[in-house]
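Residue-level structural notes
Listed below are the residues making up each chain.
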Amino acid sequence: MNSSFIRPFRTLAVVLVALLATHSMAHSYRAGDIEVGHPWARPTVPGQRAGGAFLSLTNRGTSPDKLLSAASPVAASVELHTMTLEGNVMRMREVSAIDIPAGQNVKLQPGGPHIMFMGLKAPLKLGESVPMTLRFEKAGEVTVEVKVEMPQAENGAPAPGAHGDHKHQ
C-alpha cells in the first residue's frame, strides 16, 4: 500500500491511544451533586506513618455542601487538613469540614486543603490504588479508589512540591 494512504490511519491510531491513556489516568465519582475528580496520593516509604490524598470536589448543585470526613482501611485514621502560611512557616491543621460552595470546584492539593492518612498500616506503593470513603453533609457517602502516583504539573510534567516541610499544630 501507498505510505501516504496509511499515514493518516497511523496518526489517528496514535491520537486514540493517547486519548485512551489520558482517560484511564483520570477517574471521577459522584455522590449526589458532588463530583469527586481524580483522587490520588503520593507514594510513601517504609516507616512513613502519614500520607496525603488529593482530589477535586465539584458541587454541581444549587446549595452548598461540606466534606465532613474520610475513612480508609489503609490507615488508623483519616483527617481533613488545611495549610496556612503564618509568617514564613506553612502550618497544617486538622479541620472538621471542608466547604464546597454551590456551583464551585474545590481542589484538595499539596499546599492547600487535603486529606491525611494517619497511622499508615503499610507504605503507599506507586501504581497501586487504595479505597477511601468520603462522607458529605448533604450528598451522603461515596467510596473512591485513590491512585498512588507521582504528582503532575498542569502541563503533565512531574510537579515539584511537597507535603513535607510543615509543622502540625
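Here, the structure is the one placed above.
In this text the structure is predicted, and so the values were computed from the model without any measurement.

**Side note on the pairing of strand 11 (residues 140–148)**
Where strand 2 (residues 34–41) lies against strand 11, two bridges are found, and the strand directions are parallel. Among the inter-strand pairings, Trp40 is bridged to a residue of strand 11, identified as Lys147. Once strand 10 (residues 129–136) ends, the chain turns through three residues before running back antiparallel as strand 11.

**Observations concerning the environment of Asn59**
Structurally, Asn59 can be placed in strand 3 (residues 50–59). With a relative accessible area of 2%, Asn59 lands in the buried category. A sequence separation of 23 residues divides Asn59 from Val36, and the C-alpha atoms of the two residues are 9.1 Å apart. Among residues more than four places away in sequence, those in contact with Asn59 are Asp33, Ile34, Pro64, Asp65, Ile100, Pro101, Ala102, Gly103 and Gln104. Within polar-contact distance, the side chain of Asn59 engages the backbone oxygen of Ser63 at 3.0 Å.

**Some details on the pattern of salt bridges**
A side chain with one charge may pair with a side chain of the opposite charge, provided their charged atoms come close. If you walk through the whole model with that rule in mind, you get three salt bridges. Taking the shortest distance from any N to any O, the salt bridge between Glu86 and Arg91 comes out at 3.2 Å. Residue classification places Glu86 among the partly exposed positions, given a relative accessible area of 34%. Under the relative-accessibility criterion, Arg91 is labelled buried at 16%.

**A look at the environment of Met132**
Assignment of secondary structure puts Met132 in strand 10. Judged by relative accessible area, which is 0%, Met132 ranks as buried. Separated by 79 residues in the primary sequence, Met132 and Ala53 have C-alpha atoms spaced 9.5 Å apart. Discounting residues that sit within four places of it in the chain, Met132 has contacts with Ala53, Leu55, Ala70, Ala71, Ser72, Ile115, Phe117, Val142, Thr143, Val144 and Val146.

**Some details on the packing of aromatic side chains**
Counting across every chain of the model gives one aromatic pair. Judged by centre distance (4.7 Å) and plane angle (40°), the ring pair of Trp40 and Phe54 falls under tilted. Placement of the pair is Trp40 in strand 2 and Phe54 in strand 3, with a sequence separation of 14 residues. Each member of the pair Trp40 and Phe54 is classed as buried.

**Regarding the nonpolar core**
Counting residues in hydrophobic clusters, the biggest one holds 30 residues, and the most contacted among them are Leu67, Ile115, Phe117, Met132, Leu134 and Phe136. Discounting residues that sit within four places of it in the chain, Phe136 has contacts with Ala31, Ile34, Val36, Leu57, Asp65, Lys66, Leu67, Leu68, Ile100 and Val142.

**So, the side chain of Thr58**
Relative to the helices and strands, Thr58 is located in strand 3. For Thr58, a relative accessible area of 11% translates into the label buried. If near-sequence neighbours (up to four positions away) are discounted, Thr58 is found in contact with Asp33, Ile34, Glu35, Gln104 and Asn105.

Basis of the calculations
- Residues numbered from 1 in each chain as written.
- Predicted model: local features only at pLDDT ≥ 70, side-chain atom pairs only at ≥ 80, totals over all residues.
- Heavy atoms only, no water.
- Pairing = 2+ DSSP bridges.
- Helix = DSSP H or I, 4+ residues; strand = E, 2+ residues; numbered from the N terminus.
- Buried < 20%, exposed > 50% of the residue type's maximum accessible area, 1.4 Å probe, protein only.
- Contact = heavy atoms within 4.5 Å.
- Polar contact = N/O pair within 3.5 Å; in protein donor to acceptor, adjacent residues only side chain to side chain.
- Salt bridge = Lys/Arg side-chain N within 4 Å of Asp/Glu carboxyl O.
- Phe/Tyr/Trp six-rings, centres within 6.5 Å; stacked < 30°, edge-to-face > 60°.
- Core = buried A, V, L, I, M, F, W, Y, C linked by side-chain atoms within 4.5 Å.

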